[in-house]
Amino acid sequence: MNAPTVELTQVIKSYAGDSHRKVLNGLDFSIDPGQRFAITGPSGSGKSTLLNILGTLDRPSSGTVRIAGTDTAGLSDEGLAHLRAETIGFVFQLHHLLPQCSALENVLAPALARSQVNWPETEQRARDLLQRVGLEHHLTKVPGQLSGGERQRVAVVRALINRPRLLLADEPTGALDEANARNLMDLLLEISEAEGVSLVLVTHDPAVASRLDRAYELRGGALHRQ
Ligand SMILES: Nc1ncnc2c1ncn2[C@@H]1O[C@H](COP(=O)(O)OP(=O)(O)O)[C@@H](O)[C@H]1O
Ligand SMILES: [Mg+2]
């Protein structure tokens with residue numbers, strides 16, 4: 001049997017300076033390869049905190065985080081960065097593209113963090129994915145020359161360039177108008193299915209959440225299945 005893509009057990013998270021407040025309070029979560037889950041919850045409920053822990057960008061105060069069966073507690077920051085580069089892709093509400101780099105260069109940037117890269121193959125994958133999202137004529141444009149919807153599509157492709165097992169998306173449609181938001185969701189669902197990647201998507205929008213396999217609400221530091 002395959003290990004879950006990521007598994008959290010009894011995760012507690014509080015922040016320095018506010019250590020009495022448990023943002024995550026004994027949270028359990030598990031997602032298998034290819035599953036797509038939504039996480040909703042009010043502002044300040046800890047959704048971004050949870051995604052940061054799922055993505056190994058932050059460590060829990062206690063509890064365990066396993067990525068594809070590996071307990072991350074035993075890894076150094078360098079080991080964690082390596083695991084992250086090989087396994088996890090991120091899409092944020094604001095695209096965080098490098099403003100001085102072209103769409104193609106932005107997509108290739110995460111490959112620099114890998115220990116071994118076949119560059120011709122990786123560049124071909126970047127071009128293929130950009131074509132798939134309708135951006136084949138925008139390869140050399142910088143983010144300032146792209147629309148908001150186009151920038152988010154570049155950000156999705158960038159998150160996929162290293163063939164992650166897990167795609168984490170923090171309100172990826174939050175800054176888009178309705179039509180662009182729907183298009184981006186279509187793309188995320190289509191491409192996560194085609195790539196067999198697990199998707200955890202944070203959203204305010206119940207209509208978006210209802211399109212995923214399962215929706216959870218984060219409340220009181222724990223997840224509640226909807
Ligand atoms: N780096 C940090 N240091 C201290 N407190 C933080 C930090 N990040 C988030 N918080 C606090 O943790 C709580 C949850 O934040 P967050 O995870 O960003 O919620 P959400 O994404 O659901 O809006 C908030 O009260 C926030 O102020
Ligand atoms: Mg947030």
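The sections below set out a description of the structure shown in this document. (Residues numbered from 1 in each chain as written. Chains lettered and ligands numbered in written order. Predicted model: local features only at pLDDT ≥ 70, side-chain atom pairs only at ≥ 80, totals over all residues. Heavy atoms only, no water.)

## A short note on the site of ligand 1
The immediate surroundings of ligand 1 are formed by Tyr15, Arg21, Val23, Pro42, Ser43, Gly44, Ser45, Gly46, Lys47, Ser48 and Thr49. Within the backbone of glycine 44, a nitrogen or oxygen atom sits 2.7 Å from an oxygen atom of ligand 1. Taking lysine 47, its side chain carries an N or O atom lying 2.8 Å from an oxygen atom of ligand 1. When isolated, ligand 1 has an accessible area of 560 Å², and the protein chains bury 58% of it. For the shell around ligand 1, the per-class residue count stands at three nonpolar, six polar and two charged. (Near = heavy atom within 4 Å. Polar contact = N/O pair within 3.5 Å; in protein donor to acceptor, adjacent residues only side chain to side chain. Areas by Shrake-Rupley, 256 points an atom, 1.4 Å probe, with all protein chains shown as cover. Nonpolar A, V, L, I, M, F, W, Y, C, P; charged D, E, K, R; others polar.)

## Observations regarding the layout of surface pockets
Considering only enclosed or pocket space, the largest pocket measures out at about 370 Å³ in volume. Ile88, Gly89, Phe90, Pro110 and Arg158 are, among the 17 residues lining the largest pocket, the residues nearest its centre. Listed by contribution, the elements that provide at least two residues to the lining of the largest pocket are helix 2 (77-87), strand 6 (88-91) and helix 5 (148-160). Of the residues belonging to the lining of the largest pocket, the class tally is 11 nonpolar, four polar and two charged. If you add up the space inside the second largest pocket, you get close to 240 Å³. Elements supplying a minimum of two residues to the lining of the second largest pocket: helix 6 (178-195) and helix 7 (206-209). (1 Å grid on protein atoms, 1.4 Å probe; cavity = no way out; pocket = protein on both sides within 12 Å on 5 of 7 lines; lining within 4 Å. Points joined across faces, edges and corners; volume = space filled by probe spheres on them. Helix = DSSP H or I, 4+ residues; strand = E, 2+ residues; numbered from the N terminus.)

## Considerations on the sheet that holds strand 8 (residues 198-202)
The strand order across the open sheet formed by six strands is 6-7-8-3-9-10, and the pairing between neighbours is mixed. Lying at the two open borders of the sheet, with one neighbouring strand each, are strand 6 and strand 10 (222-225). Mean inter-strand twist for the sheet, computed between neighbouring axes without regard to direction, equals 25°. Relative to the sheet, helix 5 contacts strand 6 and strand 7 (166-170), its axis offset from that of strand 6 by approximately 170°. (Pairing = 2+ DSSP bridges. Axes fitted to C-alpha atoms, helices over the stretch in contact; angles between N-to-C directions. Contact = heavy atoms within 4.5 Å.)

## Digging into the sheet that holds strand 2 (residues 24-31)
Spatially, the four strands line up as an open sheet ordered 2-1-4-5, and their pairing is antiparallel. Edge positions in the open sheet fall to strand 2 and strand 5 (70-71), since each of these has one partner strand only. Two elements, strand 4 (residues 62-67) and strand 5, share two bridges in a ladder whose sense is antiparallel. Bridge assignment links isoleucine 67 to a residue of strand 5, and that residue is threonine 70.

## What about the packing of helix 4 (residues 119-132) against helix 6?
Between helix 4 and helix 6, the least distance of the axes is 12 Å, while the angle of their chain directions is 140°. Overall, the two elements helix 4 and helix 6 adopt an arrangement that is oblique. When you trace helix 4 past helix 6, the crossing you get is right-handed. On the side of helix 4, the interface is formed by Arg125, Leu129 and Arg132, while helix 6 contributes Glu190, Ile191, Ala194 and Glu195. Residue composition of the contact of helix 4 with helix 6, grouped by class: three nonpolar, no polar and four charged. (Parallel < 35°, antiparallel > 145°, perpendicular 65-115°, else oblique. Left-handed = near helix turned anticlockwise from the far one by under 90°.)

## Quick word on the nonpolar core
Ranked by internal contacts, the top residues of the largest apolar core, which has 38 residues, are Leu130, Val154, Val156, Leu167 and Leu201. Residue assignment for this core shows that the elements contributing at least two residues are helix 3 (103-108), helix 4, helix 5, strand 7, helix 6, strand 8 and helix 7. The greatest single-element share of this core, amounting to seven residues, is contributed by helix 6. When near neighbours in sequence (up to four residues on either side) are disregarded, leucine 167 contacts Gly89, Val91, Ala159, Leu160, Leu188, Val197, Ser198, Leu199 and Val200. One finds Val23, Leu51, Val202 and Tyr216 within the second-largest nonpolar core, a separate group that totals 26 residues. (Core = buried A, V, L, I, M, F, W, Y, C linked by side-chain atoms within 4.5 Å. Buried < 20%, exposed > 50% of the residue type's maximum accessible area, 1.4 Å probe, protein only.)

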